[in-house]
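The lines below spell out each chain.
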Amino acid sequence: MQPRSRALSPATQVVAGGRPERLPGAPAVVPPVFSSTYVQDGAVAYGRFGNPTWAALEEVLGTLDGGTATAYGSGTAAVSAVLDRVPVGGTVVAPVGCYSGTLVGLERLHRLGRVGEVRLVDPADTAAVVAALPGADLLWVESPTNPLLAVADLPALVAAAYEVGALVAVDATFCSPLVLRPLDLGADVVVHSATKYLAGHSDALLGVAVTRSEELSAALVESRSAGGAIPGTMEAWLVLRGLRTLHLRVERSQANALELARRLEGHPALERVRYPGLASDPGHARATEQLAGYGSIVCLDVRGGAEPAERLVAGCRLWLPATSLGGVESTLERRRRHAAESADVPEGLVRLSVGVEDVEDLWADLSDALDAR
Ligand SMILES: *Cc1c(COP(=O)(O)O)cnc(C)c1O
């Protein structure tokens, strides 16, 4: 499918990848293949070990991140498969205030005695991460973090982890492979909650882990086959369908996010606007260097804490008050309403997931709610 004279850009890969072989009469699209078992002596014997719809999706996701992709039933299942690589009693260095589900998972493994030590550090503070690394088996990075939007210096962290022999895993859910390609920066494995931008329509849960190491890839598949956290056929098909417009959605939602962040900055109802695309943001220089764009998540520290923040959320008519992110529709929520959210996240922090609607409609709804608050 590649032109003779040039490699495909990611915008074309999401459209052209994962298609059936071009034979006369073949369909243009890989269908959802609903089958738990297969006629014996073929490549796959049973539905927990493989599926043609997963394979099409994994082809595209692997190409986008530049490695071999393994899909799971959720982003959390992909995270768990990577955590399987930590030796019994091993040590993990992870970002303080990263995705709460990842922290819950790490705490659980520690409680069960499976992981010996979890060291939480500010991923934007390179010296602090480097100081926590000796003796670590795995460095877990999220950049920008969910929801504090701290931006890590990935090449520096990768180099430091290499020195101590720690595996580096990056959760790049907030960016999608169009904005950040951690494997190019030296990470061993990248994880996405495909539930978010990759699927893009808030209608499916799925996760993926991508690596260039054959050994690690085999281990990731083994975790899925033996652990059972396989994606559903319909979910894999929905994510593949959603992926076809990833470049358009990312472009539009990032442009909307930047415009809204600029307008919101300095609003009297807000203490602070967090968005790496703002020149005032502490992560701006790093994000400009390491990311292709600044993502579509904007966080607002509402003046007065939890109550005015909840009133802002309740006052919106167009923005959907809901958790999750990365859908075509704009959503918002106060993060500390979740008991599992880190205490490092301010009580009044409202996370906006900016969608692809008309930016003037988004602005009108948000500024009405801010003024009425
Ligand atoms: C949502 C999310 C996850 C978990 O993904 P699920 O598909 O909900 O299991 C992991 N990491 C980040 C950064 C997320 O936003």
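Residues numbered from 1 in each chain as written. Predicted model: local features only at pLDDT ≥ 70, side-chain atom pairs only at ≥ 80, totals over all residues. Heavy atoms only, no water.

Caption draft 1: The sheet that holds strand S3 (residues 115-121), seen in detail. In space, the 7 strands of this open sheet follow the order S1-S7-S6-S5-S4-S2-S3, with mixed pairing throughout. Two strands bound the open sheet, and with one partner strand each, they are strand S1 (68-72) and S3. Across this sheet, the average inter-strand angle for adjacent strands is 20 degrees, counted without regard to direction. Both strand S2 (residues 90-95) and strand S4 (residues 138-142) contribute to a ladder of 2 bridges, which runs parallel. Counterpart to Val92 in the pairing with S4 is Leu138. Seen against the sheet, helix H7 (residues 214-227) touches S1, strand S6 (189-193) and strand S7 (207-211) and runs at an angle of roughly 15 degrees to S1. (Pairing = 2+ DSSP bridges. Helix = DSSP H or I, 4+ residues; strand = E, 2+ residues; numbered from the N terminus. Axes fitted to C-alpha atoms, helices over the stretch in contact; angles between N-to-C directions. Contact = heavy atoms within 4.5 Å.)

Caption draft 2: How the structure looks around the environment of Val129. You can see Val129 is positioned in helix H5 (residues 126-132). Along the primary structure Val129 and Ala364 are separated by 235 residues, whereas in three dimensions their C-alpha atoms are 41 Å apart. Beyond its immediate chain neighbours, meaning those up to four positions away, Val129 contacts Val121, Asp122, Pro123, Leu139 and Leu157.

Caption draft 3: Just helix H8 (residues 233-243), in detail. Within H8, burial applies to Thr233, Ala236, Trp237, Val239, Leu240, Gly242 and Leu243. At its buried positions, H8 is contacted by helix H1 (10-16), helix H2 (52-65) and helix H9 (246-264). (Buried < 20%, exposed > 50% of the residue type's maximum accessible area, 1.4 Å probe, protein only.)

Caption draft 4: Focus on the site of the ligand. Looking at the ligand, the residues that line it are Ser74, Gly75, Thr76, Tyr99, Asn146, Asp171, Thr173, Ser193, Thr195 and Lys196. Here Thr76 contributes a side-chain N or O atom positioned 2.7 Å from an oxygen atom of the ligand. Within the side chain of Asp171, an N or O atom sits 2.6 Å from a nitrogen atom of the ligand. Out of a free accessible area of 380 Å², the ligand has 92% covered by protein chains. In terms of residue class, the shell around the ligand is built from 1 nonpolar, 7 polar and 2 charged. (Near = heavy atom within 4 Å. Polar contact = N/O pair within 3.5 Å; in protein donor to acceptor, adjacent residues only side chain to side chain. Areas by Shrake-Rupley, 256 points an atom, 1.4 Å probe, with all protein chains shown as cover. Nonpolar A, V, L, I, M, F, W, Y, C, P; charged D, E, K, R; others polar.)

Caption draft 5: Fine view of the nonpolar core. Within the largest apolar cluster, 60 residues are counted, with the highest numbers of intra-cluster contacts made by Leu139 and Leu246. Of the domains in this structure, domain 1 (10-88 + 106-114 + 158-243) and domain 2 (246-372) are the two that each give at least three residues to this core. Beyond its immediate sequence surroundings of up to four residues, Leu246 is in contact with Val14, Leu64, Ser176, Leu178, Tyr197 and Leu198. With 28 residues, the next largest nonpolar core counts Leu258, Ala261, Ala309 and Val350 among its residues. (Core = buried A, V, L, I, M, F, W, Y, C linked by side-chain atoms within 4.5 Å. Domains from an automatic or database assignment.)

Caption draft 6: Layout of the sheet that holds strand S10 (residues 320-321). Sheet architecture is open: 5 strands sit in the order S8-S9-S12-S11-S10, paired in mixed fashion. The strands lining the two open edges of the sheet, one partner per strand, are strand S8 (270-274) and S10. Pairing between S10 and strand S11 (residues 331-334): 2 bridges, direction parallel. Bridged to Leu320 within S11 is Thr331. Packing of helix H11 (residues 306-315) onto the sheet brings it into contact with strand S9 (297-302), S10, S11 and strand S12 (349-353), and relative to S11 it is tilted by some 160 degrees.

Caption draft 7: Representation of the UniProt feature "modified residue: N6-(pyridoxal phosphate)lysine" (unreviewed entry) in the protein chain in the model. According to UniProt, the feature "modified residue: N6-(pyridoxal phosphate)lysine" (unreviewed entry) maps to Lys196 in the numbering used here. Within the secondary structure, Lys196 sits in the loop between S6 and S7. Classification of Lys196 as buried rests on a relative accessible area of 11%. Excluding residues within four positions of it along the chain, Lys196 makes contact with Thr173, Ser324, Leu325 and Gly326. (UniProt positions renumbered as here; feature names shortened; annotations may be inferred.)

Caption draft 8: Seen up close, the environment of Val30. Here Val30 shows up in the loop between H1 and H2. A relative accessible area of 12% means that Val30 is categorised as buried. For Val30 and Gly165, which are 135 residues apart along the polypeptide, the C-alpha to C-alpha distance reads 41 Å. Ignoring any residue separated from it by four or fewer positions in sequence, one finds Val30 in contact with Gly18, Arg19, Pro20, Pro52, Thr53, Ala56 and Trp237.

Caption draft 9: Fine view of the domain arrangement of the protein chain. Each domain of the protein chain was delimited in the assignment, giving domain 1 (10-88 + 106-114 + 158-243) and domain 2 (246-372). With 19 residues of domain 1 at the contact, the number on the domain 2 side is 18 residues. Three residues stand out in domain 1 for area buried against domain 2, namely Phe174, Val179 and Tyr197, and they jointly supply 41% of the buried area on that side. Taken together, the connections running from domain 1 to domain 2 amount to 0 salt bridges. At the boundary of domain 1 and domain 2, one finds 7 residue pairs in polar contact (both at pLDDT 80 or more). Broken down by element, the side of domain 1 that touches domain 2 gets its largest block of residues, 3 residues, from H1. Class assignment for the residues of the side of domain 1 that touches domain 2 results in 13 nonpolar, 5 polar and 1 charged. (Buried area = accessible area lost by both parts, 1.4 Å probe. Salt bridge = Lys/Arg side-chain N within 4 Å of Asp/Glu carboxyl O.)

Caption draft 10: Geometry of the packing of H2 against H8. Running from amino to carboxyl end, H2 crosses H8 at an angle of 40 degrees, the nearest separation of the two axes being 9 Å. Taken together, H2 and H8 sit at an angle that is classed as oblique. Relative to H8, H2 is oriented so that their crossing is left-handed. Side by side, H2 and H8 meet where Thr53, Trp54, Ala56, Leu57, Val60, Leu61 and Leu64 of the first sit next to Thr233, Ala236, Trp237, Val239, Leu240 and Leu243 of the second. (Parallel < 35°, antiparallel > 145°, perpendicular 65-115°, else oblique. Left-handed = near helix turned anticlockwise from the far one by under 90°.)

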